[in-house]
Amino acid sequence: MDIDAGRGVPVLKLVRMAHKQAPRIGDLIRAGERSFSFEFFPPRDEAGEEQLWQAIRELEPYRPTFVSVTYGAGGSTRDTTVRITGRIAAETSLTPMAHLTCVSHTREQLEAVLDSYAAVGIGNVMVLRGDPEAGPRAPWTPTDGGLTYAQELVELTRGRGDFSIGVAAFPEGHPSAASLDRDADVLVAKARAGAEFAVTQMFFRASDYFALVERVRARGCDLPILPGIMPILNLASIRRQSELIGTDVPPEIVARIAAHDGDPAAMRAEGITIAAELCDELLAGGAPGLHFYTLNRSKATREIFAALNMSV
Ligand SMILES: Cc1cc2nc3c(=O)[nH]c(=O)nc-3n(C[C@H](O)[C@H](O)[C@H](O)COP(=O)(O)OP(=O)(O)OC[C@H]3O[C@@H](n4cnc5c(N)ncnc54)[C@H](O)[C@@H]3O)c2cc1C
């Protein structure tokens, strides 16, 4: 793989590579089997990369429907997304999905990244607007020559190749959406532009997820929506989540976790139990699968699978 550092965009030389044809995630989900998937982020250094590959190898026997790799804000982590996702396609039995955001990219750069994905056999792309480089709470300003909303990137991706496209969904509404109804309009617009499935932001109340699904169905849209799951394993992560991404951690969950203050093992076990309860409720209520935010570690996800009596 060759990165065109001059343009600051990960661009592969279009060498002919022997890679298997990637299954389309949209088709796999529509085929009706429950989807299980794992999300990773591009590591920043060698130690992080080792940890990631260990997690990938430990989760591979679970035969997930797909695994995804997020797209960071800066140049080098973006190259890493292309490299890691391509390696997953070439060296594992897993179906990878690469994320892509509009942040700091012109339209031409976005097209170049999509071409890089296609060149390494990545046929599935999670298409996002991304957050401002100053953080999720900063005001969004589009890049000159770039795109403003994820919907535009869905359209661009659809026109660029035979990609199966996923988009983000927000059970509590996107933090800057005018209302839950407006938020649902945006998700439906992304589906009509060509998205085949959605994955949600993490959340803690199954009722928020089911209400989102209902809002979307009420608009005549049958987009499959995969719930995003992230267990809370300590008090610091509760604070981080609510401050960073605006997910509301219900007081009853804070109380259940806080009850084990001073006993990290018991606190972690409670966090796994809470996540497994949520997964159970979601699947029983008809969710088409579960998407786990792994933070590049396999342990919590394996513990939730064990709690759900789902084995390798
Ligand atoms: C599953 C998942 C994966 C993610 N992966 C990444 C990642 O890899 N890298 C990363 O940087 N971030 C990632 N994010 C975070 C995401 O980029 C942010 O949440 C971002 O703020 C919103 O992205 P979006 O694609 O939903 O944007 P959009 O759908 O464009 O929505 C952004 C805001 O604009 C509003 N809006 C959209 N369209 C219109 C319109 N036509 N008119 C008026 N308002 C409109 C929406 O209501 C919303 O408030 C992920 C989020 C999720 C849920």
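Anyway, here's the lowdown on the structure attached to this text. Quick caveat, the model's predicted, so the values are computed rather than measured.

Here we look at the sheet that holds strand β7 (residues 225-229)
Next up, step 1: A barrel is described by the order of its strands in space; here eight strands give the closed sequence β1-β2-β3-β4-β5-β6-β7-β8, paired in parallel fashion. Going from strand to strand, the sheet's axes swing by 30° on average, the running direction of each strand aside.
Next up, step 2: Bridging between strand β6 (residues 197-202) and β7 involves three bridges; their strand directions are parallel. Paired with Met202 across the bridge in β7 is Gly228.
Next up, step 3: Running at roughly 175° to strand β3 (residues 96-101), helix α4 (residues 107-119) makes contact with β3 and β4 (124-128) of the sheet.

As for empty space enclosed by the protein
Next up, step 1: Scanning the entire structure with this criterion turns up one cavity of 30 Å³ or more.
Next up, step 2: For the largest cavity, the calculated volume is near 40 Å³.
Next up, step 3: Mapped by element, the contributors of at least two residues to the lining of the largest cavity are α9 (251-258) and α10 (264-284).
Next up, step 4: Considering every element that reaches the lining of the largest cavity, the biggest residue donor is α10, with three residues.
Next up, step 5: In the lining of the largest cavity, the residues fall into eight nonpolar, one polar and no charged.

Points about the pattern of salt bridges
Next up, step 1: Scanning the model with the defined rule gives 20 salt bridges in all.
Next up, step 2: The shortest N-O distance in the salt bridge between Glu49 and Arg83 comes to 2.8 Å. Placement of Glu49 in helix α2 (residues 46-59) and of Arg83 in helix α3 (residues 75-91) is noted, with a sequence separation of 34 residues between them.
Next up, step 3: Glu49 sits in the buried class, given a relative accessible area of 15%.
Next up, step 4: A salt bridge links Arg205 to Asp208; its shortest N-O distance comes to 3.4 Å.
Next up, step 5: The structure contains a network of salt bridges with shared partners spanning Arg24, Asp27, Asp162 and Glu196.

Focus: the site of the ligand
Next up, step 1: If you check the shell around the ligand, you find 22 residues, and the closest are Tyr71, Asp131, Ala150, His174 and Lys190.
Next up, step 2: Ala150 is positioned with one of its backbone polar atoms (N or O) 2.8 Å from an oxygen atom of the ligand.
Next up, step 3: One nitrogen or oxygen atom from the side chain of Lys190 is found 2.8 Å from an oxygen atom belonging to the ligand.
Next up, step 4: The residue makeup of the shell around the ligand, split by class, is ten nonpolar, eight polar and four charged.

Reading guide: rules and limits
Residues numbered from 1 in each chain as written. Predicted model: local features only at pLDDT ≥ 70, side-chain atom pairs only at ≥ 80, totals over all residues. Heavy atoms only, no water. Pairing = 2+ DSSP bridges. Helix = DSSP H or I, 4+ residues; strand = E, 2+ residues; numbered from the N terminus. Axes fitted to C-alpha atoms, helices over the stretch in contact; angles between N-to-C directions. Contact = heavy atoms within 4.5 Å. 1 Å grid on protein atoms, 1.4 Å probe; cavity = no way out; pocket = protein on both sides within 12 Å on 5 of 7 lines; lining within 4 Å. Points joined across faces, edges and corners; volume = space filled by probe spheres on them. Nonpolar A, V, L, I, M, F, W, Y, C, P; charged D, E, K, R; others polar. Salt bridge = Lys/Arg side-chain N within 4 Å of Asp/Glu carboxyl O. Buried < 20%, exposed > 50% of the residue type's maximum accessible area, 1.4 Å probe, protein only. Near = heavy atom within 4 Å. Polar contact = N/O pair within 3.5 Å; in protein donor to acceptor, adjacent residues only side chain to side chain.

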